[in-house]
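# Examination of the molecular architecture
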Amino acid sequence: MEKYRINPDNGMEFGIYTLGDHLPNPATGERIPVQERIHDIINYAVLAEQAGVDFFSVGESHQEYFATQAHAVVLSAIAQATSKIKIASSSTIISTSDPVRVYENFATLDLISNGRAEIVAGRASRVGLFDLLGYDLHNYEDLFEEKFDLLRMINENEIVNWSGEFRKPLRDAQVLPRPVDGSLPIWRAVGGTPASAMKAGYAGVPMFMAHLGGAASQFKRTVDSYREAARAGGHDPAQLPIATAGFFYAAENSQQALKELYPHINEGMKKTNGGGFPKQLFAQGVDPHNIMNIGSPQQIIEKILYQHEVFNHQRYVAQIDFGGMPMDNIKKNLELIGTEILPAIKKYTAKK
Amino acid sequence: MKIVGLSGSQIGSKTRVAVTATLKAISEKYPDVETTLIDLADYKMEFSDGRNYLDYEGDTGFVTKTIMEADAIVIGTPIFQASIPAALKNIFDLLPVNAFRDKVVSMLVTAGSAKHYMVADTQLKPILAYMKAQMVQTFVFILEEDFYQKEIINHDVIFRLERLAEDTVVLTETFTKIREEKEAAYDF
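Since the model is a prediction, treat every value here as computed from it, not as a measurement.

### Examining the overall build of chain B
- Scanning chain B for helices and strands turns up 5 helices and 8 strands.
- The secondary structure elements of chain B, listed N-terminal to C-terminal, are β-α-β-α-β-α-β-α-β-β-β-β-α.
- Over its C-alpha trace chain B gives a radius of gyration of 16 Å, about what one expects of a compact globule, namely 16 Å for 188 residues.
- In terms of its C-alpha atoms, chain B occupies a principal-axis envelope of roughly 55 × 35 × 30 Å.

In C-alpha coordinates:
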(Lines give C-alpha, C1' and ligand atoms only; values in the text may rest on other atoms or scores of the structure.)
Protein backbone atom coordinates (compact mmCIF):
# COMPACT_ATOMS: atom_id res chain seq x y z
CA MET A 1 0.00 0.00 0.00
CA GLU A 2 2.98 2.27 0.68
CA LYS A 3 3.62 2.60 -3.03
CA TYR A 4 0.16 4.14 -3.31
CA ARG A 5 0.77 6.45 -0.33
CA ILE A 6 -1.86 4.70 1.74
CA ASN A 7 -1.40 3.61 5.33
CA PRO A 8 -4.30 1.35 6.37
CA ASP A 9 -3.31 1.74 10.04
CA ASN A 10 -4.70 5.27 9.87
CA GLY A 11 -8.13 3.94 9.01
CA MET A 12 -10.11 4.16 5.81
CA GLU A 13 -9.57 7.33 3.85
CA PHE A 14 -12.54 9.58 3.20
CA GLY A 15 -12.49 11.51 -0.05
CA ILE A 16 -14.67 13.71 -2.21
CA TYR A 17 -14.99 13.79 -5.96
CA THR A 18 -16.65 16.07 -8.44
CA LEU A 19 -17.31 15.29 -12.08
CA GLY A 20 -16.87 19.00 -12.70
CA ASP A 21 -20.44 19.20 -13.95
CA HIS A 22 -21.95 22.58 -14.63
CA LEU A 23 -25.71 22.09 -14.38
CA PRO A 24 -28.64 24.31 -13.44
CA ASN A 25 -29.94 24.21 -9.90
CA PRO A 26 -33.37 22.57 -10.45
CA ALA A 27 -34.89 24.76 -7.72
CA THR A 28 -34.23 27.90 -9.76
CA GLY A 29 -33.54 26.55 -13.25
CA GLU A 30 -30.46 28.80 -13.26
CA ARG A 31 -26.87 27.91 -13.89
CA ILE A 32 -24.09 29.85 -12.19
CA PRO A 33 -21.47 31.32 -14.59
CA VAL A 34 -18.76 28.83 -15.52
CA GLN A 35 -16.07 30.97 -13.92
CA GLU A 36 -17.94 30.87 -10.62
CA ARG A 37 -18.36 27.10 -10.90
CA ILE A 38 -14.61 26.60 -11.35
CA HIS A 39 -13.85 28.84 -8.38
CA ASP A 40 -16.47 26.96 -6.35
CA ILE A 41 -14.72 23.68 -7.15
CA ILE A 42 -11.35 25.07 -6.01
CA ASN A 43 -12.99 26.44 -2.87
CA TYR A 44 -14.77 23.11 -2.35
CA ALA A 45 -11.36 21.41 -2.15
CA VAL A 46 -10.10 24.01 0.32
CA LEU A 47 -13.14 23.53 2.55
CA ALA A 48 -12.85 19.75 2.27
CA GLU A 49 -9.26 19.97 3.48
CA GLN A 50 -10.38 22.12 6.42
CA ALA A 51 -13.00 19.49 7.30
CA GLY A 52 -10.24 16.86 7.45
CA VAL A 53 -11.12 15.08 4.20
CA ASP A 54 -8.21 12.97 2.86
CA PHE A 55 -8.72 13.20 -0.88
CA PHE A 56 -10.29 15.41 -3.53
CA SER A 57 -10.64 14.63 -7.21
CA VAL A 58 -11.94 16.33 -10.34
CA GLY A 59 -13.31 14.67 -13.47
CA GLU A 60 -12.74 15.21 -17.17
CA SER A 61 -15.82 15.34 -19.42
CA HIS A 62 -15.81 17.01 -22.82
CA GLN A 63 -19.47 17.75 -23.32
CA GLU A 64 -22.23 20.19 -22.62
CA TYR A 65 -22.95 20.79 -18.91
CA PHE A 66 -19.34 20.26 -17.79
CA ALA A 67 -16.70 22.78 -16.79
CA THR A 68 -13.48 20.92 -15.99
CA GLN A 69 -12.37 19.64 -19.38
CA ALA A 70 -8.90 20.96 -18.42
CA HIS A 71 -9.09 19.11 -15.10
CA ALA A 72 -5.31 19.05 -14.60
CA VAL A 73 -5.29 22.84 -14.69
CA VAL A 74 -8.07 23.01 -12.09
CA LEU A 75 -6.19 20.50 -9.94
CA SER A 76 -3.11 22.67 -10.20
CA ALA A 77 -5.03 25.61 -8.70
CA ILE A 78 -6.28 23.28 -5.97
CA ALA A 79 -2.72 22.12 -5.29
CA GLN A 80 -1.68 25.69 -4.71
CA ALA A 81 -4.67 26.51 -2.50
CA THR A 82 -4.30 23.46 -0.23
CA SER A 83 -1.49 21.80 1.70
CA LYS A 84 -2.53 18.39 3.03
CA ILE A 85 -5.34 16.90 0.98
CA LYS A 86 -4.50 14.36 -1.73
CA ILE A 87 -5.58 15.48 -5.20
CA ALA A 88 -6.43 13.43 -8.24
CA SER A 89 -8.42 13.12 -11.42
CA SER A 90 -11.69 11.18 -11.52
CA SER A 91 -11.17 10.29 -14.19
CA THR A 92 -8.55 11.30 -16.70
CA ILE A 93 -9.72 9.93 -20.04
CA ILE A 94 -6.43 8.42 -21.03
CA SER A 95 -7.83 6.99 -24.29
CA THR A 96 -7.96 10.41 -25.94
CA SER A 97 -4.79 11.95 -24.53
CA ASP A 98 -1.12 11.38 -25.00
CA PRO A 99 0.10 9.51 -21.90
CA VAL A 100 3.40 11.42 -22.05
CA ARG A 101 1.58 14.74 -21.71
CA VAL A 102 -0.74 13.40 -19.01
CA TYR A 103 2.25 12.16 -17.05
CA GLU A 104 4.11 15.45 -17.43
CA ASN A 105 1.05 17.30 -16.12
CA PHE A 106 0.47 15.07 -13.13
CA ALA A 107 4.15 14.73 -12.22
CA THR A 108 4.29 18.53 -12.20
CA LEU A 109 1.11 18.58 -10.11
CA ASP A 110 2.84 16.23 -7.70
CA LEU A 111 5.81 18.61 -7.41
CA ILE A 112 3.55 21.63 -6.91
CA SER A 113 1.53 19.81 -4.24
CA ASN A 114 4.57 18.26 -2.53
CA GLY A 115 3.65 14.68 -3.29
CA ARG A 116 -0.15 14.71 -3.17
CA ALA A 117 -1.08 13.95 -6.80
CA GLU A 118 -2.67 10.78 -8.16
CA ILE A 119 -4.17 9.73 -11.49
CA VAL A 120 -7.41 7.82 -11.93
CA ALA A 121 -7.59 6.74 -15.56
CA GLY A 122 -10.91 5.96 -17.23
CA ARG A 123 -12.51 5.30 -20.59
CA ALA A 124 -15.34 7.87 -20.64
CA SER A 125 -19.03 7.04 -20.45
CA ARG A 126 -19.99 9.65 -23.04
CA VAL A 127 -17.99 9.57 -26.23
CA GLY A 128 -18.23 12.99 -27.87
CA LEU A 129 -14.60 13.61 -26.93
CA PHE A 130 -13.41 11.08 -29.51
CA ASP A 131 -14.49 13.37 -32.33
CA LEU A 132 -13.46 16.51 -30.47
CA LEU A 133 -9.94 15.31 -29.77
CA GLY A 134 -9.46 13.46 -33.04
CA TYR A 135 -9.78 9.79 -32.15
CA ASP A 136 -11.81 6.98 -33.67
CA LEU A 137 -14.52 5.61 -31.43
CA HIS A 138 -14.08 2.18 -33.00
CA ASN A 139 -10.81 1.96 -31.07
CA TYR A 140 -12.56 2.72 -27.75
CA GLU A 141 -11.18 -0.28 -25.87
CA ASP A 142 -7.83 -0.65 -27.64
CA LEU A 143 -7.02 3.04 -27.18
CA PHE A 144 -7.60 2.81 -23.45
CA GLU A 145 -5.62 -0.38 -22.93
CA GLU A 146 -2.64 0.77 -24.97
CA LYS A 147 -2.45 4.25 -23.51
CA PHE A 148 -3.08 3.09 -19.97
CA ASP A 149 -0.24 0.56 -20.30
CA LEU A 150 2.06 3.28 -21.61
CA LEU A 151 1.09 5.61 -18.77
CA ARG A 152 1.98 2.93 -16.24
CA MET A 153 5.24 2.16 -18.02
CA ILE A 154 6.24 5.83 -17.86
CA ASN A 155 5.38 5.80 -14.17
CA GLU A 156 7.63 2.81 -13.50
CA ASN A 157 10.53 3.83 -15.76
CA GLU A 158 12.21 7.17 -16.26
CA ILE A 159 13.59 6.00 -19.61
CA VAL A 160 10.96 4.42 -21.80
CA ASN A 161 11.24 2.21 -24.86
CA TRP A 162 7.83 1.51 -26.24
CA SER A 163 5.94 0.91 -29.43
CA GLY A 164 2.24 0.56 -30.08
CA GLU A 165 -0.53 1.12 -32.54
CA PHE A 166 -1.79 4.60 -31.73
CA ARG A 167 1.29 6.78 -31.45
CA LYS A 168 4.85 6.79 -32.71
CA PRO A 169 7.31 4.62 -30.79
CA LEU A 170 9.35 5.99 -27.90
CA ARG A 171 13.08 5.27 -28.10
CA ASP A 172 15.07 5.89 -24.92
CA ALA A 173 12.58 8.61 -24.17
CA GLN A 174 13.01 10.39 -20.88
CA VAL A 175 9.70 11.61 -19.46
CA LEU A 176 10.26 14.53 -17.11
CA PRO A 177 9.75 15.87 -14.52
CA ARG A 178 9.61 12.92 -12.15
CA PRO A 179 7.14 13.02 -9.25
CA VAL A 180 8.25 13.48 -5.62
CA ASP A 181 8.63 9.77 -4.76
CA GLY A 182 9.66 8.78 -8.27
CA SER A 183 6.22 7.40 -9.10
CA LEU A 184 2.56 8.35 -8.81
CA PRO A 185 -0.37 6.31 -7.53
CA ILE A 186 -2.26 5.39 -10.72
CA TRP A 187 -5.72 3.85 -10.43
CA ARG A 188 -7.97 2.23 -12.98
CA ALA A 189 -11.53 3.55 -13.01
CA VAL A 190 -14.01 0.68 -12.94
CA GLY A 191 -17.71 0.99 -13.67
CA GLY A 192 -18.88 -1.63 -11.21
CA THR A 193 -19.03 -4.80 -13.27
CA PRO A 194 -16.79 -7.75 -12.40
CA ALA A 195 -15.49 -7.95 -15.99
CA SER A 196 -14.17 -4.41 -15.79
CA ALA A 197 -12.67 -4.95 -12.31
CA MET A 198 -10.84 -8.09 -13.44
CA LYS A 199 -8.86 -6.09 -16.00
CA ALA A 200 -7.54 -3.92 -13.17
CA GLY A 201 -6.88 -7.02 -11.08
CA TYR A 202 -4.89 -8.96 -13.69
CA ALA A 203 -2.67 -5.92 -14.23
CA GLY A 204 -2.20 -5.39 -10.49
CA VAL A 205 -3.52 -1.82 -10.63
CA PRO A 206 -5.46 -0.14 -7.79
CA MET A 207 -9.19 -0.06 -8.48
CA PHE A 208 -11.34 3.07 -8.28
CA MET A 209 -14.88 1.66 -8.40
CA ALA A 210 -17.72 4.05 -9.15
CA HIS A 211 -21.28 3.05 -8.37
CA LEU A 212 -24.73 4.60 -8.71
CA GLY A 213 -26.98 2.63 -6.40
CA GLY A 214 -27.99 -0.89 -5.46
CA ALA A 215 -27.13 -3.46 -2.82
CA ALA A 216 -23.59 -3.20 -1.46
CA SER A 217 -23.45 -7.00 -1.54
CA GLN A 218 -23.87 -6.86 -5.31
CA PHE A 219 -20.67 -4.84 -5.62
CA LYS A 220 -18.89 -7.30 -3.35
CA ARG A 221 -18.79 -9.62 -6.36
CA THR A 222 -16.88 -6.96 -8.26
CA VAL A 223 -14.44 -6.50 -5.39
CA ASP A 224 -13.93 -10.25 -5.05
CA SER A 225 -13.42 -10.63 -8.80
CA TYR A 226 -10.81 -7.88 -8.67
CA ARG A 227 -8.85 -9.53 -5.88
CA GLU A 228 -9.11 -12.99 -7.48
CA ALA A 229 -7.89 -11.63 -10.81
CA ALA A 230 -5.02 -9.88 -9.03
CA ARG A 231 -3.98 -13.18 -7.44
CA ALA A 232 -4.25 -14.93 -10.80
CA GLY A 233 -2.05 -12.22 -12.29
CA GLY A 234 0.63 -12.87 -9.69
CA HIS A 235 -0.10 -9.81 -7.54
CA ASP A 236 -0.78 -9.64 -3.84
CA PRO A 237 -4.30 -8.23 -3.32
CA ALA A 238 -3.27 -7.12 0.17
CA GLN A 239 -0.96 -4.60 -1.48
CA LEU A 240 -3.60 -3.21 -3.85
CA PRO A 241 -5.89 -0.44 -2.61
CA ILE A 242 -9.55 -0.24 -3.56
CA ALA A 243 -11.59 2.95 -3.59
CA THR A 244 -15.37 3.12 -3.93
CA ALA A 245 -17.10 6.25 -5.15
CA GLY A 246 -20.74 7.30 -5.27
CA PHE A 247 -23.57 9.57 -4.19
CA PHE A 248 -23.44 11.03 -0.70
CA TYR A 249 -25.74 13.41 1.12
CA ALA A 250 -26.16 14.04 4.83
CA ALA A 251 -29.00 15.98 6.47
CA GLU A 252 -30.87 15.96 9.79
CA ASN A 253 -32.72 12.83 8.73
CA SER A 254 -32.97 10.56 5.72
CA GLN A 255 -36.21 12.07 4.43
CA GLN A 256 -34.68 15.54 4.44
CA ALA A 257 -31.57 14.19 2.71
CA LEU A 258 -33.69 12.58 -0.03
CA LYS A 259 -35.65 15.80 -0.45
CA GLU A 260 -32.59 18.00 -0.79
CA LEU A 261 -30.63 15.67 -3.06
CA TYR A 262 -33.15 14.01 -5.37
CA PRO A 263 -34.01 16.87 -7.75
CA HIS A 264 -30.32 17.52 -8.40
CA ILE A 265 -29.60 13.89 -9.27
CA ASN A 266 -32.76 13.36 -11.29
CA GLU A 267 -32.64 16.55 -13.33
CA GLY A 268 -28.84 16.41 -13.68
CA MET A 269 -28.88 12.85 -14.98
CA LYS A 270 -31.63 13.71 -17.45
CA LYS A 271 -29.34 16.31 -18.95
CA THR A 272 -26.06 14.40 -18.84
CA ASN A 273 -27.26 10.82 -19.43
CA GLY A 274 -30.62 11.25 -21.12
CA GLY A 275 -32.60 9.53 -18.36
CA GLY A 276 -33.55 10.47 -14.80
CA PHE A 277 -33.18 8.47 -11.58
CA PRO A 278 -36.44 6.68 -10.67
CA LYS A 279 -37.80 7.72 -7.27
CA GLN A 280 -38.48 4.12 -6.35
CA LEU A 281 -34.78 3.23 -6.69
CA PHE A 282 -33.70 6.44 -5.01
CA ALA A 283 -35.96 5.82 -2.00
CA GLN A 284 -34.14 2.52 -1.49
CA GLY A 285 -30.91 4.52 -1.27
CA VAL A 286 -31.41 5.15 2.44
CA ASP A 287 -31.57 1.44 3.28
CA PRO A 288 -28.57 0.40 5.42
CA HIS A 289 -27.59 -2.20 2.80
CA ASN A 290 -27.76 0.19 -0.14
CA ILE A 291 -24.44 1.50 -1.38
CA MET A 292 -25.71 5.11 -1.75
CA ASN A 293 -24.68 7.06 1.33
CA ILE A 294 -27.77 9.16 1.91
CA GLY A 295 -29.26 9.85 5.33
CA SER A 296 -28.57 11.30 8.76
CA PRO A 297 -24.90 11.44 9.84
CA GLN A 298 -25.46 8.40 12.09
CA GLN A 299 -27.12 6.41 9.28
CA ILE A 300 -24.28 7.29 6.95
CA ILE A 301 -21.65 6.26 9.49
CA GLU A 302 -23.36 2.89 9.83
CA LYS A 303 -23.63 2.51 6.04
CA ILE A 304 -19.98 3.34 5.41
CA LEU A 305 -18.80 1.04 8.19
CA TYR A 306 -20.99 -1.73 6.82
CA GLN A 307 -19.52 -1.15 3.35
CA HIS A 308 -16.03 -1.24 4.84
CA GLU A 309 -16.85 -4.56 6.44
CA VAL A 310 -18.12 -5.94 3.13
CA PHE A 311 -15.35 -4.59 0.87
CA ASN A 312 -12.44 -3.98 3.21
CA HIS A 313 -11.57 -1.07 0.98
CA GLN A 314 -9.04 1.66 1.71
CA ARG A 315 -10.87 4.73 0.54
CA TYR A 316 -14.44 5.92 0.17
CA VAL A 317 -15.02 8.88 -2.15
CA ALA A 318 -18.24 10.91 -1.90
CA GLN A 319 -20.00 12.81 -4.67
CA ILE A 320 -22.11 15.61 -3.20
CA ASP A 321 -22.11 18.48 -5.67
CA PHE A 322 -23.78 16.95 -8.74
CA GLY A 323 -26.60 18.73 -10.55
CA GLY A 324 -26.20 22.35 -9.49
CA MET A 325 -26.04 21.70 -5.75
CA PRO A 326 -25.77 25.09 -3.98
CA MET A 327 -22.51 25.81 -2.15
CA ASP A 328 -24.41 26.31 1.13
CA ASN A 329 -25.65 22.71 1.06
CA ILE A 330 -22.15 21.51 0.23
CA LYS A 331 -20.76 23.44 3.19
CA LYS A 332 -23.38 21.96 5.48
CA ASN A 333 -22.39 18.47 4.32
CA LEU A 334 -18.71 19.22 4.87
CA GLU A 335 -19.49 20.34 8.39
CA LEU A 336 -21.34 17.09 9.15
CA ILE A 337 -18.50 15.12 7.58
CA GLY A 338 -15.85 16.96 9.57
CA THR A 339 -17.57 16.97 12.93
CA GLU A 340 -19.48 13.68 12.98
CA ILE A 341 -18.91 11.29 10.10
CA LEU A 342 -15.17 11.39 9.53
CA PRO A 343 -14.13 11.06 13.19
CA ALA A 344 -16.42 8.05 13.65
CA ILE A 345 -15.12 6.33 10.50
CA LYS A 346 -11.51 6.87 11.48
CA LYS A 347 -12.20 5.68 15.01
CA TYR A 348 -13.71 2.40 13.86
CA THR A 349 -11.41 1.64 10.94
CA ALA A 350 -7.97 2.73 12.25
CA LYS A 351 -5.82 -0.19 13.32
CA LYS A 352 -3.75 1.71 15.86
CA MET B 1 -49.16 13.32 -23.88
CA LYS B 2 -46.70 12.51 -26.67
CA ILE B 3 -47.20 9.37 -28.75
CA VAL B 4 -44.74 8.24 -31.39
CA GLY B 5 -45.82 5.83 -34.11
CA LEU B 6 -42.79 3.84 -35.19
CA SER B 7 -43.00 2.06 -38.52
CA GLY B 8 -40.19 -0.42 -38.10
CA SER B 9 -39.09 -1.21 -41.62
CA GLN B 10 -37.11 0.45 -44.39
CA ILE B 11 -39.22 -1.09 -47.12
CA GLY B 12 -42.89 -1.66 -47.94
CA SER B 13 -46.03 0.36 -47.23
CA LYS B 14 -48.41 -1.77 -45.17
CA THR B 15 -46.83 -1.18 -41.79
CA ARG B 16 -46.69 2.54 -42.41
CA VAL B 17 -50.34 2.57 -43.50
CA ALA B 18 -51.40 0.73 -40.34
CA VAL B 19 -49.32 2.92 -38.01
CA THR B 20 -50.62 6.06 -39.70
CA ALA B 21 -54.20 4.80 -39.30
CA THR B 22 -53.60 4.18 -35.60
CA LEU B 23 -52.13 7.65 -35.06
CA LYS B 24 -55.10 9.13 -36.95
CA ALA B 25 -57.50 7.24 -34.70
CA ILE B 26 -55.66 8.63 -31.65
CA SER B 27 -55.76 12.21 -32.96
CA GLU B 28 -59.44 12.03 -33.81
CA LYS B 29 -60.49 10.69 -30.44
CA TYR B 30 -57.90 12.55 -28.32
CA PRO B 31 -57.09 15.88 -30.01
CA ASP B 32 -54.81 16.91 -27.10
CA VAL B 33 -52.41 14.06 -27.77
CA GLU B 34 -49.36 15.06 -29.78
CA THR B 35 -48.63 12.35 -32.33
CA THR B 36 -45.47 11.88 -34.41
CA LEU B 37 -44.85 9.33 -37.13
CA ILE B 38 -41.39 7.91 -37.52
CA ASP B 39 -41.16 5.72 -40.59
CA LEU B 40 -37.70 4.18 -40.66
CA ALA B 41 -37.86 4.31 -44.47
CA ASP B 42 -37.54 8.10 -44.19
CA TYR B 43 -34.36 8.11 -42.11
CA LYS B 44 -30.79 7.09 -42.61
CA MET B 45 -30.01 5.23 -39.42
CA GLU B 46 -26.58 4.22 -38.16
CA PHE B 47 -26.07 0.84 -36.55
CA SER B 48 -25.72 0.93 -32.80
CA ASP B 49 -22.14 1.10 -31.57
CA GLY B 50 -22.97 1.19 -27.88
CA ARG B 51 -22.64 4.93 -27.25
CA ASN B 52 -25.17 6.93 -25.21
CA TYR B 53 -28.14 7.81 -27.43
CA LEU B 54 -27.47 11.52 -26.85
CA ASP B 55 -24.14 11.13 -28.65
CA TYR B 56 -25.67 10.15 -32.01
CA GLU B 57 -26.03 12.87 -34.57
CA GLY B 58 -28.21 13.40 -37.64
CA ASP B 59 -31.18 11.11 -38.28
CA THR B 60 -30.04 8.57 -35.69
CA GLY B 61 -29.91 11.23 -32.99
CA PHE B 62 -33.27 12.65 -34.04
CA VAL B 63 -35.04 9.29 -34.01
CA THR B 64 -33.61 8.10 -30.69
CA LYS B 65 -34.31 11.41 -28.94
CA THR B 66 -37.87 11.57 -30.32
CA ILE B 67 -38.59 8.06 -29.03
CA MET B 68 -37.03 8.83 -25.62
CA GLU B 69 -39.21 11.93 -25.25
CA ALA B 70 -42.45 10.03 -25.94
CA ASP B 71 -44.91 8.90 -23.29
CA ALA B 72 -46.13 6.07 -25.48
CA ILE B 73 -44.94 4.33 -28.63
CA VAL B 74 -47.02 2.44 -31.16
CA ILE B 75 -44.63 0.02 -32.81
CA GLY B 76 -45.56 -1.32 -36.19
CA THR B 77 -43.52 -4.20 -37.54
CA PRO B 78 -43.62 -6.37 -40.61
CA ILE B 79 -42.33 -9.92 -40.34
CA PHE B 80 -39.09 -10.67 -42.17
CA GLN B 81 -37.69 -14.19 -42.10
CA ALA B 82 -39.99 -15.16 -39.23
CA SER B 83 -38.81 -12.25 -37.10
CA ILE B 84 -38.78 -8.48 -36.69
CA PRO B 85 -36.72 -6.49 -39.24
CA ALA B 86 -33.11 -5.66 -38.46
CA ALA B 87 -34.03 -1.99 -38.82
CA LEU B 88 -36.39 -2.26 -35.84
CA LYS B 89 -33.99 -4.30 -33.73
CA ASN B 90 -31.37 -1.63 -34.39
CA ILE B 91 -33.69 0.96 -32.79
CA PHE B 92 -33.80 -1.14 -29.62
CA ASP B 93 -30.02 -1.56 -29.72
CA LEU B 94 -29.53 2.21 -30.05
CA LEU B 95 -31.54 2.96 -26.89
CA PRO B 96 -30.52 2.55 -23.22
CA VAL B 97 -31.48 -0.67 -21.41
CA ASN B 98 -34.21 1.11 -19.45
CA ALA B 99 -35.43 3.14 -22.42
CA PHE B 100 -39.11 2.19 -22.03
CA ARG B 101 -39.32 2.67 -18.26
CA ASP B 102 -42.45 4.75 -17.54
CA LYS B 103 -43.55 4.39 -21.17
CA VAL B 104 -46.42 2.47 -22.70
CA VAL B 105 -45.74 0.47 -25.84
CA SER B 106 -48.37 -1.02 -28.10
CA MET B 107 -47.83 -3.17 -31.18
CA LEU B 108 -49.26 -3.92 -34.57
CA VAL B 109 -47.92 -6.56 -36.91
CA THR B 110 -48.26 -6.79 -40.67
CA ALA B 111 -47.44 -10.19 -42.09
CA GLY B 112 -47.56 -12.13 -45.30
CA SER B 113 -48.69 -15.25 -43.53
CA ALA B 114 -50.86 -16.03 -40.51
CA LYS B 115 -48.21 -18.60 -39.57
CA HIS B 116 -46.22 -15.68 -38.15
CA TYR B 117 -48.87 -14.80 -35.60
CA MET B 118 -46.70 -15.73 -32.59
CA VAL B 119 -43.66 -13.67 -33.61
CA ALA B 120 -44.75 -10.62 -31.59
CA ASP B 121 -45.33 -12.73 -28.49
CA THR B 122 -42.14 -14.73 -28.72
CA GLN B 123 -39.73 -12.17 -30.13
CA LEU B 124 -40.93 -8.59 -29.72
CA LYS B 125 -42.52 -8.67 -26.27
CA PRO B 126 -39.43 -10.12 -24.51
CA ILE B 127 -37.33 -7.22 -25.80
CA LEU B 128 -39.90 -4.65 -24.69
CA ALA B 129 -40.23 -6.32 -21.28
CA TYR B 130 -36.44 -6.25 -20.84
CA MET B 131 -36.43 -2.56 -21.69
CA LYS B 132 -39.11 -2.05 -18.99
CA ALA B 133 -42.07 -1.14 -21.20
CA GLN B 134 -45.64 -1.24 -19.92
CA MET B 135 -47.25 -3.13 -22.80
CA VAL B 136 -50.69 -3.06 -24.28
CA GLN B 137 -50.86 -6.85 -24.31
CA THR B 138 -53.29 -7.20 -27.19
CA PHE B 139 -51.59 -6.40 -30.45
CA VAL B 140 -53.21 -6.10 -33.86
CA PHE B 141 -52.18 -8.68 -36.43
CA ILE B 142 -52.87 -7.65 -40.02
CA LEU B 143 -52.53 -9.76 -43.16
CA GLU B 144 -51.74 -8.80 -46.74
CA GLU B 145 -55.36 -9.38 -47.82
CA ASP B 146 -56.53 -6.70 -45.38
CA PHE B 147 -54.94 -4.03 -47.59
CA TYR B 148 -55.84 -2.82 -51.04
CA GLN B 149 -53.98 0.00 -52.81
CA LYS B 150 -52.37 1.25 -49.60
CA GLU B 151 -55.56 1.31 -47.62
CA ILE B 152 -56.96 -0.98 -44.98
CA ILE B 153 -60.12 -2.51 -46.41
CA ASN B 154 -60.99 -4.96 -43.62
CA HIS B 155 -63.39 -3.22 -41.25
CA ASP B 156 -62.55 -5.64 -38.49
CA VAL B 157 -58.92 -4.52 -38.70
CA ILE B 158 -60.00 -0.88 -38.55
CA PHE B 159 -62.05 -1.62 -35.42
CA ARG B 160 -59.09 -3.41 -33.86
CA LEU B 161 -56.75 -0.51 -34.64
CA GLU B 162 -59.25 1.91 -33.08
CA ARG B 163 -59.28 -0.22 -29.95
CA LEU B 164 -55.46 -0.32 -30.00
CA ALA B 165 -55.42 3.49 -30.21
CA GLU B 166 -57.83 3.75 -27.30
CA ASP B 167 -55.99 1.18 -25.17
CA THR B 168 -52.67 2.94 -25.77
CA VAL B 169 -54.01 6.28 -24.54
CA VAL B 170 -56.02 4.84 -21.64
CA LEU B 171 -53.09 2.77 -20.39
CA THR B 172 -50.71 5.73 -20.68
CA GLU B 173 -53.12 7.96 -18.75
CA THR B 174 -53.59 5.26 -16.13
CA PHE B 175 -49.91 4.54 -15.59
CA THR B 176 -49.09 8.25 -15.53
CA LYS B 177 -51.70 8.78 -12.82
CA ILE B 178 -50.48 5.80 -10.79
CA ARG B 179 -46.88 6.98 -11.10
CA GLU B 180 -47.72 10.55 -10.11
CA GLU B 181 -49.59 9.36 -7.02
CA LYS B 182 -46.79 6.99 -6.08
CA GLU B 183 -44.10 9.63 -6.57
CA ALA B 184 -46.06 12.17 -4.52
CA ALA B 185 -46.28 9.63 -1.69
CA TYR B 186 -42.47 9.48 -1.45
CA ASP B 187 -42.51 13.12 -0.33
CA PHE B 188 -39.09 14.01 -1.67
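Continuing now.
### Considerations on the environment of Met207(A)
All names here are of chain A.
- You can see Met207 is positioned in strand β9 (residues 207–210).
- On the basis of neighbour count, Met207 is assigned to the buried category, with 27 C-beta atoms found within 10 Å.
- Between the alpha carbons of Met207 and His138 there is a distance of 25 Å; along the sequence they are 69 residues apart.
- Leaving out residues up to four positions away in the same chain, Met207 has contacts with Trp187, Arg188, Val190, Ala197, Ala200, Tyr226 and Ile242.

### Some remarks on the nonpolar core
Residue and element names in this part refer to chain A.
- Counting 100 residues, the largest nonpolar core has Ala48 and Met209 as the members making the most contacts within it.
- The element contributing the most residues to this core is strand β10 (residues 242–250), with 7 residues.
- Aside from chain neighbours lying at most four places away, what touches Ala48 is Ile16, Val53, Phe56, Ile85 and Leu334.

### What about helix α2 (residues 58–68) of chain B?
Residues and elements named next belong to chain B.
- Those residues of α2 that sit buried are Thr60, Val63, Thr64 and Ile67. Down the axis of α2, the buried set is contained in an arc of 95°. They therefore lie on one face.
- Looking at the packing, one finds that the buried side of α2 touches β1 (2–7), β2 (34–39), β3 (72–78) and α3 (86–94).

### Some points on the pairing of β3(B)
Residue and element names in this part refer to chain B.
- With respect to burial, β3 is a largely interior element, 7 of its 7 residues being buried.
- By the alternation rule, side chains of β3 split into Ala72, Val74, Gly76 and Pro78 and Ile73, Ile75 and Thr77, which are all buried.
- The pairing of β1 with β3 spans 5 bridges and is classified as parallel. By the bridge assignment, Gly5 is partnered in β3 with Val74.

### Section: the UniProt feature "domain: Luciferase-like" (unreviewed entry) in chain A
- In this structure's numbering, the residues bearing the UniProt feature "domain: Luciferase-like" (unreviewed entry) are residues 12–309 of chain A.
- Taken end to end, residues 12–309 of chain A has its terminal C-alpha atoms 11 Å apart, with 44% of it in helix and 17% in strand.

### Thoughts on the interface of chain B and chain A
- Between chain B and chain A, the residue contacts involve 14 residues of the former and 14 residues of the latter.
- The residue inventory of the side of chain B that touches chain A, partitioned by class, reads 6 nonpolar, 2 polar and 6 charged.

### Describing the packing of helix α2 (residues 71–81) of chain A against helix α3 (residues 99–112) of chain A
All names here are of chain A.
- Where α2 meets α3, the closest approach of the two axes is 9 Å, and the angle between their N-to-C directions is 10°. Relative to α3, the element α2 lies roughly parallel. Between α2 and α3, the contacting residues are Ala72, Leu75, Ser76, Ala79 and Gln80 on the first element and Asn105, Phe106, Leu109 and Ile112 on the second.
- Taken together, the residues of the contact of α2 with α3 sort by class into 6 nonpolar, 3 polar and no charged.

The rules we used
- Residues numbered from 1 in each chain as written.
- Chains lettered and ligands numbered in written order.
- Predicted model: local features only at pLDDT ≥ 70, side-chain atom pairs only at ≥ 80, totals over all residues.
- Helix = DSSP H or I, 4+ residues; strand = E, 2+ residues; numbered from the N terminus.
- Rg over C-alpha atoms; globule rule 2.2 N^0.38 Å.
- Buried ≥ 20, exposed ≤ 12 C-beta atoms within 10 Å, placed from the backbone.
- Contact = placed C-beta atoms within 7 Å.
- Core = buried A, V, L, I, M, F, W, Y, C linked by C-beta atoms within 7 Å.
- Arc of directions from axis to C-beta.
- Pairing = 2+ DSSP bridges.
- UniProt positions renumbered as here; feature names shortened; annotations may be inferred.
- Nonpolar A, V, L, I, M, F, W, Y, C, P; charged D, E, K, R; others polar.
- Axes fitted to C-alpha atoms, helices over the stretch in contact; angles between N-to-C directions.
- Parallel < 35°, antiparallel > 145°, perpendicular 65-115°, else oblique.

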